[in-house]
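# Overview (structure and organization)
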Amino acid sequence: MSGAMIAFFILGIITIGGALLMLSLRKVVHMVVALAFTFLSIAGLFVLLEAEFLAVAQALIYGGAVTIIMLFGIMLTQHDDRDESRRPLHKLLAGLVSALFFLGLIILINRVPWPNQAGEPLFMENTANIGKELFSKYVIPFELASILILVALVGAVILAKQDKESPAKKEGDKA
Amino acid sequence: MDLETLLSYPWRIMLPEFVIVITAALLSLLDLFWKEQASRRPLAWIALAGIGLAVLFLVINAGQPVQEILYETFRLDGFASAFKLIFLLGAAIVFLIALDRDFGQQLPYQGEYYYLILTAVLGAMIAASSADLITLFVGIELLSISSYVLVAIRKHNLKANESALKYVISGGIATAVTLFGFSYIYGLTGSTNLFVIQERLSQGVNDGLLPLIALALLVSFVGLTFKLSVVPYHMWAPDVYQGASTPVTAFLSVVSKGAGFALVIRFLMVTLQGMADSEMILWENLAGLLVTVLSVLAALSMIIGNTLAMRQTNLKRLLAYSSIAQAGYLLVPVAAGIALLQTGEVSASNLFHIVLFYLAAYLFMNLGAFALVQLIGKETEDIRGLAGLYRRAPGKALAMTLFLASLAGIPLTAGFVGKYYILMGAVGANLYALAAVMVITTVISYYYYFGLAVQMYMREPEVDQPLTAPSSLNIVLSVCVIGTLLLGLLPNLALDLIQTQFNLLEVFLPYSH
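Reading the values: rules and limits
Residues numbered from 1 in each chain as written. Chains lettered and ligands numbered in written order. Predicted model: local features only at pLDDT ≥ 70, side-chain atom pairs only at ≥ 80, totals over all residues. Heavy atoms only, no water. Helix = DSSP H or I, 4+ residues; strand = E, 2+ residues; numbered from the N terminus. Rg over C-alpha atoms; globule rule 2.2 N^0.38 Å. Buried < 20%, exposed > 50% of the residue type's maximum accessible area, 1.4 Å probe, protein only. Contact = heavy atoms within 4.5 Å. Areas by Shrake-Rupley, 256 points an atom, 1.4 Å probe, with all protein chains shown as cover. Salt bridge = Lys/Arg side-chain N within 4 Å of Asp/Glu carboxyl O. Nonpolar A, V, L, I, M, F, W, Y, C, P; charged D, E, K, R; others polar. Phe/Tyr/Trp six-rings, centres within 6.5 Å; stacked < 30°, edge-to-face > 60°. Lys NZ or Arg CZ within 6 Å of the ring centre and 35° of its normal. pLDDT = per-residue confidence, 0-100. Expected span 1.5 Å × (residues − 1). 1 Å grid on protein atoms, 1.4 Å probe; cavity = no way out; pocket = protein on both sides within 12 Å on 5 of 7 lines; lining within 4 Å. Points joined across faces, edges and corners; volume = space filled by probe spheres on them. Axes fitted to C-alpha atoms, helices over the stretch in contact; angles between N-to-C directions. Parallel < 35°, antiparallel > 145°, perpendicular 65-115°, else oblique. Polar contact = N/O pair within 3.5 Å; in protein donor to acceptor, adjacent residues only side chain to side chain. Core = buried A, V, L, I, M, F, W, Y, C linked by side-chain atoms within 4.5 Å.

### A short note on the overall build of chain B
Counting its regular elements, chain B contains 22 helices and two strands. Relative to its length of 513 residues, chain B is compact, with a C-alpha radius of gyration of 22 Å against a globular reference of 24 Å. With the C-alpha coordinates of chain B rotated into their principal frame, the extents come out at 70 × 55 × 40 Å. Relative to its 513 residues, chain B shows a buried fraction of 64%. Contacts in chain B between residues at least 24 apart in sequence constitute 81% of all its contacts with a sequence separation of at least 6. As displayed, chain B offers around 17700 Å² of accessible surface, 66% of which is attributable to carbon and sulfur atoms.

### Concerning the pattern of salt bridges
All names here are of chain B. A complete count under the given rule lists 13 salt bridges over all chains for this structure. Here Asp77 and Arg266 are joined by a salt bridge, their closest N and O atoms 3.2 Å apart. One end of the pair, Asp77, is in the loop between β2 (74–76) and α4 (78–98); the other, Arg266, is in helix α12 (residues 246–273), and 189 residues separate them in sequence. The exposure classification of Asp77 matches that of Arg266, with both residues buried. When salt bridges that share partners are traced, they join Glu72, Arg75, Asp77 and Arg266 into one network.

### Focus: the interface of chain B and chain A
The partner chain A presents 35 residues to the 45 residues of chain B that form the contact. Along the contact surface separating chain B from chain A lie zero salt bridges. Sorting the residues of the side of chain B that touches chain A by element identifies α2 (15–33), α6 (110–128), α7 (133–152), α8 (158–189) and α10 (210–228) of chain B as the ones contributing at least two each. Among the elements that take part in the side of chain B that touches chain A, α7 of chain B stands out by supplying nine residues, more than any other. Residues of the side of chain B that touches chain A, tallied by class, amount to 28 nonpolar, ten polar and seven charged.

### A few points about the packing of aromatic side chains
Taken as a whole and judged by the stated rule, the model has 26 aromatic pairs over all chains. Plain terms: the ring middles of Tyr113 of chain B and Tyr114 of chain B are 6.1 Å apart, the flat faces sit at 80 degrees to each other, and that makes the pair edge-to-face. Assessed through its relative accessible area of 0%, Tyr113 of chain B is described here as buried. Each member of the aromatic cluster is reached from another via a ring pair, and the members are Tyr148, Tyr167, Phe226, Tyr233, Trp236 and Tyr241 of chain B. Taking the ring centre of Tyr71 of chain B as reference, the NZ or CZ of Lys137 of chain A above it sits at 5.2 Å.

### Topic: the confidence of the model for chain A
Across chain A, the average pLDDT comes to 85, with 83% of residues at 70 or higher. Confidence drops under pLDDT 50 across residues 166–175 of chain A; counting only partners more than four residues distant or on other chains, this segment forms 22 contacts.

### Quick word on unusual backbone geometry
Residues and elements named next belong to chain B. Cis rather than trans, the peptide bond between Val231 and Pro232 has omega equal to 5 degrees. Tracing the backbone shows Pro232 in the loop between α10 and α11 (236–243). With a phi close to 60 degrees, Glu72 is a non-glycine residue in the positive phi region. Along the chain, the position of Glu72 falls in the loop between β1 (67–69) and β2. In this structure, Leu412 takes a positive phi of about 75 degrees despite not being glycine. Looking at the element boundaries, Leu412 is found in the loop between α18 (394–408) and α19 (414–428).

### Notes on helix α3 (residues 52–76) of chain A
All names here are of chain A. Taking 1.5 Å per residue as the helical rise, α3 with its 25 residues ought to reach 36 Å, and the 34 Å between its terminal C-alpha atoms agrees with that figure. By the burial criterion, the buried members of α3 are Ala55, Gln58, Gly63, Thr67 and Ile74. The inward-facing, buried residues of α3 abut α2 (28–48).

### Topic: empty space enclosed by the protein
Residues and elements named next belong to chain B. Enumeration over the complete set of coordinates arrives at three cavities of 30 Å³ or more. Roughly 100 Å³ of volume is contained in the largest cavity. The wall of the largest cavity is formed by 13 residues, among which Ile140, Glu141, Thr175, Thr178 and Lys227 lie closest to the centre. Taken together, the elements giving at least two residues each to the lining of the largest cavity come down to α7, α8 and α10.

### Concerning the packing of α7 of chain B against α8 of chain B
If you want to describe how two helices pack, look at the angle between their axes and the distance between the axes. Residue and element names in this part refer to chain B. Between α7 and α8, whose axes approach to 9 Å, the crossing angle comes to 170 degrees. As judged from the angle between their axes, α7 and α8 are roughly antiparallel. Counted together, Leu133, Phe137, Glu141, Ser147, Tyr148, Val151 and Ala152 of α7 and Ala160, Ser163, Ala164, Tyr167, Val168, Gly171, Gly172, Thr175, Leu179, Phe182 and Ile185 of α8 form the full contact between these two elements. Looking at the contact of α7 with α8, its residues break down into twelve nonpolar, five polar and one charged.

### Comments concerning the environment of Leu116 of chain B
The topology assignment puts Leu116 of chain B in helix α6. In this structure the C-alpha to C-alpha distance between Leu116 of chain B and Ser28 of chain B, which are 88 residues apart in sequence, comes to 9.4 Å. Not counting residues up to four positions away in its chain, the partners in contact with Leu116 of chain B are Val151 and Ile158 of chain A together with Ser146, Val149 and Leu150 of chain B.

### Notes on the environment of Leu43 of chain B
Residues and elements named next belong to chain B. On the secondary structure map, Leu43 appears in helix α3 (residues 41–62). Using a relative accessible area of 0% as the deciding quantity, one classes Leu43 as buried. Along the backbone, Leu43 and Met310 are 267 residues apart, and their C-alpha atoms lie at a distance of 39 Å. Beyond its immediate chain neighbours, meaning those up to four positions away, Leu43 contacts Leu27, Leu30, Asp31, Trp34, Gly111 and Tyr114.

### Quick look at the packing of α2 of chain B against α3 of chain B
Residue and element names in this part refer to chain B. Interaxial distance between α2 and α3 falls to 8 Å at its minimum, and their mutual angle equals 170 degrees. If you check the angle between α2 and α3, you find them roughly antiparallel. Along the contact surface, α2 presents Leu15, Pro16, Val19, Ile20, Thr23, Leu26, Leu27, Leu30 and Asp31, while α3 presents Leu43, Ile46, Ala47, Gly50, Ile51, Leu53, Ala54, Phe57, Leu58 and Asn61. Residues belonging to the contact of α2 with α3 are distributed by class as follows: 15 nonpolar, three polar and one charged.

### Looking at the confidence of the model for chain B
Residues and elements named next belong to chain B. Per-residue pLDDT for chain B has a mean of 91; in total, 98% of the residues score no lower than 70. Of all the helices and strands in chain B, helix α15 (residues 345–348) carries the lowest mean pLDDT, 67, while α7 carries the highest, 96. Interface scoring of the predicted complex returns ipTM 0.91; its pTM is 0.93.

### Description of the side chain of Gln326 of chain B
All names here are of chain B. In this fold, Gln326 is placed in helix α14 (residues 315–340). On the basis of relative accessibility, which here comes to 1%, the residue Gln326 falls in the buried class. Only 2.5 Å separates the side chain of Gln326 from the side chain of Tyr358, close enough to count as a polar contact. In this structure, Gln326 is in contact with Tyr358, Tyr362, Met365, Leu407 and Tyr449, ignoring residues within four places of it in sequence.

### Some thoughts on the nonpolar core
All names here are of chain B. By size, the foremost hydrophobic cluster in this structure holds 218 residues, and its most contacted members are Phe83, Tyr113, Phe267 and Leu272. In terms of residues, this core owes the most to one element, helix α16 (residues 351–376), which gives 22 residues. With residues up to four places along the chain from it excluded, the contact list for Phe267 reads Leu133, Phe182, Ile185, Leu194, Leu217, Ser220 and Leu224.

Pasting the structure below:
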């Protein structure tokens, strides 16, 4: 077993373990921490695939920004909230369906005759290539994504803004 | 890529989209410098002018042959133009509904409200005119996120908050499901271009990857059903329709749903088209499976939508369930299209025209009904708000009767003709059981549509004052009445117009360099 294989298994176990813990832990803060482990080990998996740009982006955005913002959100609201409502039968059924889906997928994926990696190695300048693709071939979706982020920003401002006037007399309120 | 190559693309085919973007940007700037307490209704007029200009460019572009920009991340074809015309028309009517003076005064963040509708329309337009999974996805997400904000914008309304949260969570799950399916498609084909995917998937079918391909297509489709609000992702509709302000509800029920259909039809038809050439038995297995799943979902939507609508007392909830059923009807020609794909009969049959016709009919009758809900919604959104409408405003009661008759599918209305075409399409594709379900559920739907009519004519009104509408709502009502009547009385005229102006089958034509 090669070193990459061992690293893959360790990272895989952390990824899945983090996700499982996130589902089974009761306290919201613990859930987010478990999720952070999943995010970071996915970044590790990207490193193994020699997609270092994706790995850095994953660590920065998911491991950093998303986790921190979620923690902030929890801290600023009800940070000792606990997940109480548990329906055992519902959980069992959901687990069964997911297990069946997973098994089916494994069987199907194993049947795919993957072609051998042909031609140049994948890791040649892949950051540069992502940049080139993004700003040439995919420039339309890229620009659209910037509009999308603008919309999300406007939405966040609207929802989070404290209105100066009381709700009752906020006719025409706008700042 | 240098500037010269970039400029060599036919950017003018994107002019309608550019107009919408620029109008939205202009509105956001104007909103910033607008006097704080002043009414922002003029902004809606600017938005309407922008939409008008976009329609103009769209019509100018419509007659041209298929063109594309940057590897078909944007494409101009008859299919896209026709759907975009519907979205722009729908958005214009939504703006007219929102121009209602009393409504605007209660609305917080009026400026944002207007330009978020524009960005949502932009998303819908992009989702209708690309042959690349990434652009399609970004388009539909732009539509979704704008809609989430539009639903949540009345943040001091408890119902709106609840529904916005439900909307964003179920929307997020649906997006994840779609992306999961897309990732399998990309993994199997190594491309995001629908035409390349089509070629490689048909190769894959011959290599024995059929089950995985079927799974990928089905999972992607199931995620997309959220936008169509058909089973299994229909549960958000009643809550969100009730919680959102009426113009937004009207927008969600027509434009957002239409964008979902444009995307689903392009995605399924184009990717499956190539597979019709692969081995006979394999193809029949795949097509059989997809047709079965789509038929079951369509049938369930019709049954659930129409039966649950009977028990509603809130007008918007009732219309939400009715819209779930209507989406079920619209899914029937899609299933029929897949069934006919192999024999090439899909080109001969006019299933796409049927979808477009029904969507146009649905636009008029549903937006008309929502315009009336906006009017009486100032008093109450309960069904009893309609009581005695005939005495209070006979013209409006007659208009509403027409919309309800059309939604129910009574002869001489647009809805009837649309349903008739859909039924014929289903029978032509040998989907007899589905056609039967459609007829039965249509009869069931008469019950609640007539329940509303009974309220209008037979019940005593709670207030006896005559009901007057602002002129913008009167315009909407008359446009919708004319549209519903025209499509119902002269359907051939409309179908001919669709056929001569928009070659919907261009959706299958890859751009040849």
